[in-house]
Amino acid sequence: VDPRQTRTDLSVTEKKTLPRGWEVLTSANFTERIREQIMMKYSWGTHLLVLEGGQAHWTSMGENPGVMTTIWDFEKYGGWYALKPRYEESSRWHAKFLIRRKPGS
């Protein structure tokens, strides 16, 4: 990651369509087991995993795995989501949405 970077990389902020039958995990469905077994153990190729409410938690690649570090603003339209750019120090972070299969799908 370039330490001179001042805006979030476009690969992080581009629109993403969720697969059919999947949803972004809500904070109401976030559990200690998810924190320990998904966020703390694996990097998922990113620093942060973002929940439906924008809560961004460190992965194993982050500074404090499993801990919520920030609220990341995002846009949601129909079937797609997009993280909004971050600036200055936090611009170097990469993030992805934490998704799960919808119950009953």
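Structure: above.
Each helix and strand counted, the chain has 2 helices and 9 strands in total. The N-to-C order of helical and strand elements in the chain reads α-β-β-α-β-β-β-β-β-β-β. On C-alpha atoms alone, the chain measures out to a radius of gyration of 13 Å, which is about the 13 Å that the 2.2 N^0.38 rule sets for 105 residues. The C-alpha extent of the chain, read off along each of the three principal axes, is 45 × 30 × 20 Å. Relative to its 105 residues, the chain shows a buried fraction of 35%. A fraction of 55% describes how many contacts in the chain between residues 6 or more apart in sequence connect residues 24 or more apart. On the chain, the mean spot of the 16 positive side-chain charges and the mean spot of the 12 negative ones are 8 Å from each other.

Strand order across the open sheet formed by 4 strands is 5-4-3-8, with mixed pairing between neighbours. For this open sheet the edge positions go to strand 5 (68–71) and strand 8 (95–97), each flanked by a neighbour on one side alone. Taken pair by pair, the neighbouring strands of this sheet meet at an average axis angle of 30 degrees, ignoring direction. Alignment of strand 3 (residues 48–50) against strand 8, held across 3 bridges, turns out to be parallel. Bridge assignment links Leu 48 to a residue of strand 8, and that residue is Ala 95.

If you trace the 3 strands from one edge of the open sheet to the other, you get 1-7-6, paired in antiparallel fashion. One side of each edge strand has no neighbouring strand; the edge strands of this open sheet are strand 1 (16–17) and strand 6 (74–77). With 2 bridges joining them, strand 1 and strand 7 (residues 80–83) adopt antiparallel strand pairing. Across the sheet, the residue bridging to Lys 16 is Tyr 81, located in strand 7.

Right, let's get into the environment of Trp 72. Among the structural elements, Trp 72 can be located in the loop between strand 5 and strand 6. From its side chain, Trp 72 meets the backbone oxygen of Lys 84 in a polar contact 2.7 Å long.

This part covers the pattern of salt bridges. Applying the stated criterion across every chain yields a total of 3 salt bridges. Note that Glu 32 and Arg 35 form a salt bridge whose closest N and O atoms lie 3.2 Å from each other. On the criterion of helical spacing, the pair formed by Glu 32 and Arg 35 is a turn pair, its members being 3 residues apart in helix 2 (residues 32–39). In this structure, Glu 52 engages Lys 76 in a salt bridge whose closest nitrogen and oxygen atoms are separated by 3.4 Å. Within this pair, whereas Glu 52 is found in the loop between strand 3 and strand 4 (55–58), its partner Lys 76 is found in strand 6, the two being separated by 24 residues in sequence.

Rules used throughout
- Residues numbered from 1 in each chain as written.
- Predicted model: local features only at pLDDT ≥ 70, side-chain atom pairs only at ≥ 80, totals over all residues.
- Heavy atoms only, no water.
- Helix = DSSP H or I, 4+ residues; strand = E, 2+ residues; numbered from the N terminus.
- Rg over C-alpha atoms; globule rule 2.2 N^0.38 Å.
- Buried < 20%, exposed > 50% of the residue type's maximum accessible area, 1.4 Å probe, protein only.
- Contact = heavy atoms within 4.5 Å.
- Lys, Arg positive; Asp, Glu negative; His and termini not counted.
- Charge placed at Lys NZ, Arg CZ, Asp CG, Glu CD.
- Pairing = 2+ DSSP bridges.
- Axes fitted to C-alpha atoms, helices over the stretch in contact; angles between N-to-C directions.
- Polar contact = N/O pair within 3.5 Å; in protein donor to acceptor, adjacent residues only side chain to side chain.
- Salt bridge = Lys/Arg side-chain N within 4 Å of Asp/Glu carboxyl O.

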